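# Working through the structure, step by step
These are the residues of each chain, in order.
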Amino acid sequence: MTHTLSIRRPDDWHLHLRDGAMMRAVLPETTRHFARAIIMPNLVPPVVTAQDARAYRNRILAALPDGSTFQPLMTLYLTEQTDPQDVAAAFADGLIHAVKLYPAGATTNSDSGVKTLRRVYRVLEKMAQIGLPLCIHGEVTTPEVDIFDREQVFLDTVLAPLRADIPELKITLEHITTSHGINYVSDAPGDIAGTITTHHLMINRNHMLVGGIRPHYYCLPIVKRASHQMALRKAATSGNPRFFLGTDSAPHVDGAKESACGCAGVFSATNTMSCLAHVFEEEGALDTLEAFTSLNGPARYGLPPNEARITLEKRTTPTAYPAKFDTEDGPLTLFDPATPLHWHVT
Ligand code: NCD
Ligand code: ZN
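Overview of the structure.

Analysis parameters
- Residues numbered from 1 in each chain as written.
- Chains lettered and ligands numbered in written order.
- Predicted model: local features only at pLDDT ≥ 70, side-chain atom pairs only at ≥ 80, totals over all residues.
- Heavy atoms only, no water.
- Salt bridge = Lys/Arg side-chain N within 4 Å of Asp/Glu carboxyl O.
- Helix = DSSP H or I, 4+ residues; strand = E, 2+ residues; numbered from the N terminus.
- Buried < 20%, exposed > 50% of the residue type's maximum accessible area, 1.4 Å probe, protein only.
- Axes fitted to C-alpha atoms, helices over the stretch in contact; angles between N-to-C directions.
- Parallel < 35°, antiparallel > 145°, perpendicular 65-115°, else oblique.
- Contact = heavy atoms within 4.5 Å.
- Donors = N, O, S within 2.8 Å, 3.2 Å for Na, K, Ca; no water.
- Tetrahedral: all angles 85-135°; square planar, octahedral: opposite > 155°, others 65-115°.
- Pairing = 2+ DSSP bridges.
- Right-handed = clockwise from strand over helix to strand, strands pointing away.

### Observations regarding the pattern of salt bridges
Charged atoms that come close allow side chains of opposite charge to pair. Tallied over the full model, the rule gives 16 salt bridges. Notably, a salt bridge pairs D19 with R59, separated by 2.7 Å at the nearest N-O pair. Taken as a pair, D19 in the loop between β2 (12-15) and α1 (20-31) and R59 in helix α2 (residues 50-63) lie far apart in primary sequence, 40 residues in all. Given a relative accessible area of 35%, R59 falls into the partly exposed group. Of the charged contacts, one joins D165 and R118 as a salt bridge, the two residues approaching to 3.2 Å between their closest N and O atoms. Of this pair, D165 sits in helix α5 (residues 150-165) while R118 sits in the loop between β5 (96-101) and α4 (121-130); the two residues are 47 residues apart in sequence, bridging distant segments of the chain. Of the residues examined, D165 reaches a relative accessible area of 40% and is grouped as partly exposed.

### Focus on the packing of helix α6 (residues 179-187) against helix α9 (residues 226-237)
Contact pair α6 / α9: the axes reach a minimum separation of 8 Å and the direction vectors enclose 30 degrees. When the interaxial angle is binned, α6 and α9 end up roughly parallel. Contact with α6, carried on its side by S179, H180 and I182, involves H228, A231, L232 and A235 of α9 and no other residues of that element.

### What about the coordination of the zinc ion (ligand 2)?
The protein atoms that coordinate the zinc ion (ligand 2) are H14 (NE2), H16 (NE2) and D248 (OD), at distances spanning 2.0 Å. Around the zinc ion (ligand 2) sit four donor atoms; with metal-centred angles ranging over 92 to 137 degrees, the donor geometry is irregular. When the donor residues of the zinc ion (ligand 2) are listed from N- to C-terminus, their spacing reads H-x1-H-x231-D. On the basis of relative accessibility, which here comes to 1%, the residue H14 falls in the buried class. Residue H16 is classed as buried on the basis of its relative accessible area of 7%.

### Some thoughts on the pairing of strand β4 (residues 71-77)
Of all the seven residues making up β4, six are buried; the element is thus mostly covered by neighbouring parts of the structure. Strand direction decides the pairing type here: strand β3 (residues 36-39) and β4, joined by four bridges, are parallel. Residue pairing for β4: A37 is matched across the bridge by P72. As for the winding sense of the linkage, the β-α-β connection from β3 through α2 to β4 is right-handed.

### Topic: the sheet that holds strand β1 (residues 3-8)
Reading across the sheet, the three strands line up as β1-β10-β13 and stay open at both edges, with antiparallel pairing between neighbours. Every interior strand has two partners, whereas the edge strands, β1 and β13 (343-345), have only one. Taken pair by pair, the neighbouring strands of this sheet meet at an average axis angle of 25 degrees, ignoring direction. Of the pairings in the sheet, the one linking β1 to strand β10 (residues 309-314) comprises six bridges and is antiparallel in character. Its bridge partner lying in β10, R8 is registered against R309. Sheet contacts for helix α11 (residues 272-282): β1, β10 and β13; angle to β13, the most-contacted strand, approximately 140 degrees. In this fold helix α12 (residues 289-301) packs onto β1 and β10, with an angle of close to 25 degrees to the strand it touches most, β1.

This is the structure in structure tokens:
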């Protein structure tokens, strides 16, 4: 049986493109299906000022495949030195669409992140005033807190007090991995939304750890138990406008992943739409796929949905995706959902 589904072209509201050779390798994997993406600023050194963001945007545009109309939506990496005026001017220019908060040390390339939230309140107050969203990596970095509890503890000890202090701030809680995060975003008053990744919908910690340790499933926030995965699936497929796709596709070469101390990050740009159609079909919710990938995000960011469309076709023969890509920096492994993917983007 052939089954087709036509939806507006999707956008990715959380993407790592990196720079240089890696960017050249992964950019076409996103632009093939996606019209726009929120570009994460955690380069080394990070994208901190409007000037950095402009230069990075130009490098991305210069590396686009011929004929691509892909739009990188830039973000700034929030530091304790960030200047509220620089941020406001970059937003007024249409250069940036969000500012990213990494708690210092929370994840890959987050060393320049925020240690004391109070020190960035002037920036956050300015953002609240002008309607510029804050994207948050929602995990505490307290050494005593178990890695599987770091998102939940963040909600209670950091996010709730921050929102009480600056209630007007628009917040995107990124890559939600727990039912606690889902409940918080579903129920909280005010201007909050959340992104969910492809891989957190498809795998739980058993996939990562049972029968051997699979470094290509290691990411941050770390995948949780199956009950959390189920809560994520329910939220993503619910049609609730507060939830939308941020793949968090985060490439690292195999040498960095398959190591005694491997990097966090899952590279999923290439097969994300096939994976999502698979998940939404399993949940009996193909009718809400477009809201999740193509409507809720633009509405949240005050942008029109894409006019162009893509078609997904369910085929008898699974789509053959490459297991790896060759980059000038070394091989890069694609997210393996550990199940055949019958949905093909035509
Ligand atoms: C991201 C990366 O590699 O830049 N890694 C990850 O596991 N998601 C950083 C991040 O978004 O946390
Ligand atoms: Zn990320």
